[in-house]
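Per-entry structural report
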Amino acid sequence: MRLHVVDHPLVAHKLTTLRNRETDSPTFRRLADELVTLLAYEATRGVRVVEHEISTPVAPATGVKLTQPKPLVVPILRAGLGMLEGMTRLIPTAEVGFLGMIRNEETLEASTYANRLPDDLTGRQVYVLDPMLATGGTLAVAIQYLMERGADDVTAICLLGAPEGVEHVRKAVGEEAPVQIVLGGMDPGLNELGYIVPGLGDAGDRLYGVV
Ligand SMILES: O=P(O)(O)OC[C@H]1O[C@H](OP(=O)(O)OP(=O)(O)O)[C@H](O)[C@@H]1O
Ligand SMILES: O=c1cc[nH]c(=O)[nH]1
Ligand SMILES: [Mg+2]
């Protein structure tokens, strides 16, 4: 499993405003959207392409195009939905599947309440979207599930992560797994409620309001 923490001043600048408790929901949504596009640019360096012959107005040329089947993007509801548009702006032809997952706020265990994915993911390259990687319980379950269904290359894009979460996912999927985690920032740790510190609070609530 590979970890890439994006080191870019624009990402750090946008993350700072995102974290600020004074930032309202519309601004939070816009920033999450902008951030995912920046992170996705890094996260898709390994997107699969094949050679493609075209003719320019001047001469024949060999370029590349995305392979078939197209990459699958999987936002983890609810908060991951706030990253979907920014991702599909970069890969408009990607297919989109959905996983609805919720973390029990007492036990911190993740459970799945919705699943709308292609049945067979054999050989698929999958991009998972979830703004927060805290204990890692949610992401570990999601990645293991996608790999059980056949995905052979999984990249998770998260706005913020904590070392505990990264290590949990690493242990769950295994060191050699074809899994990559791309983070906009890595915070020092978690508090006793399992929240990332300093973090940004509850990403779902900040995107969509408290339910
Ligand atoms: O790494 P973990 O400890 O598992 O925590 C991270 C998860 O918690 C949040 O979702 P939440 O359960 O709050 O659901 P929501 O998106 O509906 O708010 C977040 O969006 C992640 O999915
Ligand atoms: O800090 C955290 C941890 C889990 N989920 C969130 O939305 N934020
Ligand atoms: Mg939440």
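Source: prediction; values computed, not measured.

Turning our attention to the site of ligand 2. All residues adjacent to ligand 2 are Arg-103, Met-132, Ala-134, Gly-194, Tyr-195, Ile-196, Gly-201, Asp-202 and Ala-203. Separating an oxygen atom of ligand 2 from a backbone N or O atom of Ile-196 is a distance of 2.9 Å. In the model, a nitrogen atom of ligand 2 is placed 2.8 Å from a nitrogen or oxygen of the Gly-201 main chain. Judged by the proximity of its atoms to the pocket grid, ligand 2 belongs to the largest pocket. When its residues are assigned to classes, the shell around ligand 2 shows five nonpolar, two polar and two charged.

Okay, the site of ligand 1 next. Arg-103, Asp-130, Thr-135, Gly-136 and Thr-138 are the nearest of the 16 residues found near ligand 1. Between an oxygen atom of ligand 1 and a side-chain N or O atom of Arg-78, the distance comes to 3.0 Å. In this structure, an oxygen atom belonging to ligand 1 sits 2.9 Å away from a main-chain N or O atom of Ala-79. Judged by the proximity of its atoms to the pocket grid, ligand 1 belongs to the largest pocket.

Take the packing of helix H4 (residues 137-148) against helix H5 (residues 163-173) next. Two packed helices can be described by the angle between their axes and the distance between those axes. Packing of H4 against H5 brings their axes to within 8 Å, and their N-to-C directions diverge by 25°. If you check the angle between H4 and H5, you find them roughly parallel. Handedness of the crossing formed by H4 with H5: right-handed. Contacts between H4 and H5 involve Gly-137, Leu-139, Ala-140, Ile-143 and Gln-144 on the former and, on the latter, His-168, Val-169, Ala-172 and Val-173. Of the residues assigned to the contact of H4 with H5, the class counts are six nonpolar, three polar and no charged.

Cross-referencing UniProt, the feature "binding site: 5-phospho-alpha-D-ribose 1-diphosphate" (unreviewed entry) maps to Arg-78, Arg-103, Asp-130, Pro-131, Met-132, Leu-133, Ala-134, Thr-135, Gly-136, Gly-137, Thr-138 and Asp-202 in the present numbering. The subset of the named residues that lines the largest pocket consists of Arg-78, Arg-103, Asp-130, Pro-131, Met-132, Leu-133, Ala-134, Thr-135, Gly-136, Gly-137, Thr-138 and Asp-202. Relative to the elements of secondary structure, Leu-133 occurs in strand E9 (residues 132-133). Topologically, Asp-202 is positioned in the loop between strand E14 (196-197) and helix H6 (203-208). A relative accessible area of 22% means that Asp-202 is categorised as partly exposed. With residues up to four places along the chain from it excluded, the contact list for Asp-202 reads Arg-78 and Tyr-195. Within the local environment of Asp-202, its side chain forms a polar contact with the backbone nitrogen of Asp-205, the two atoms lying 2.9 Å apart.

Definitions and cut-offs
- Residues numbered from 1 in each chain as written.
- Chains lettered and ligands numbered in written order.
- Predicted model: local features only at pLDDT ≥ 70, side-chain atom pairs only at ≥ 80, totals over all residues.
- Heavy atoms only, no water.
- Near = heavy atom within 4 Å.
- Polar contact = N/O pair within 3.5 Å; in protein donor to acceptor, adjacent residues only side chain to side chain.
- 1 Å grid on protein atoms, 1.4 Å probe; cavity = no way out; pocket = protein on both sides within 12 Å on 5 of 7 lines; lining within 4 Å.
- Sits in = over half its atoms within 2 Å of the grid points.
- Nonpolar A, V, L, I, M, F, W, Y, C, P; charged D, E, K, R; others polar.
- Axes fitted to C-alpha atoms, helices over the stretch in contact; angles between N-to-C directions.
- Helix = DSSP H or I, 4+ residues; strand = E, 2+ residues; numbered from the N terminus.
- Parallel < 35°, antiparallel > 145°, perpendicular 65-115°, else oblique.
- Left-handed = near helix turned anticlockwise from the far one by under 90°.
- Contact = heavy atoms within 4.5 Å.
- UniProt positions renumbered as here; feature names shortened; annotations may be inferred.
- Buried < 20%, exposed > 50% of the residue type's maximum accessible area, 1.4 Å probe, protein only.

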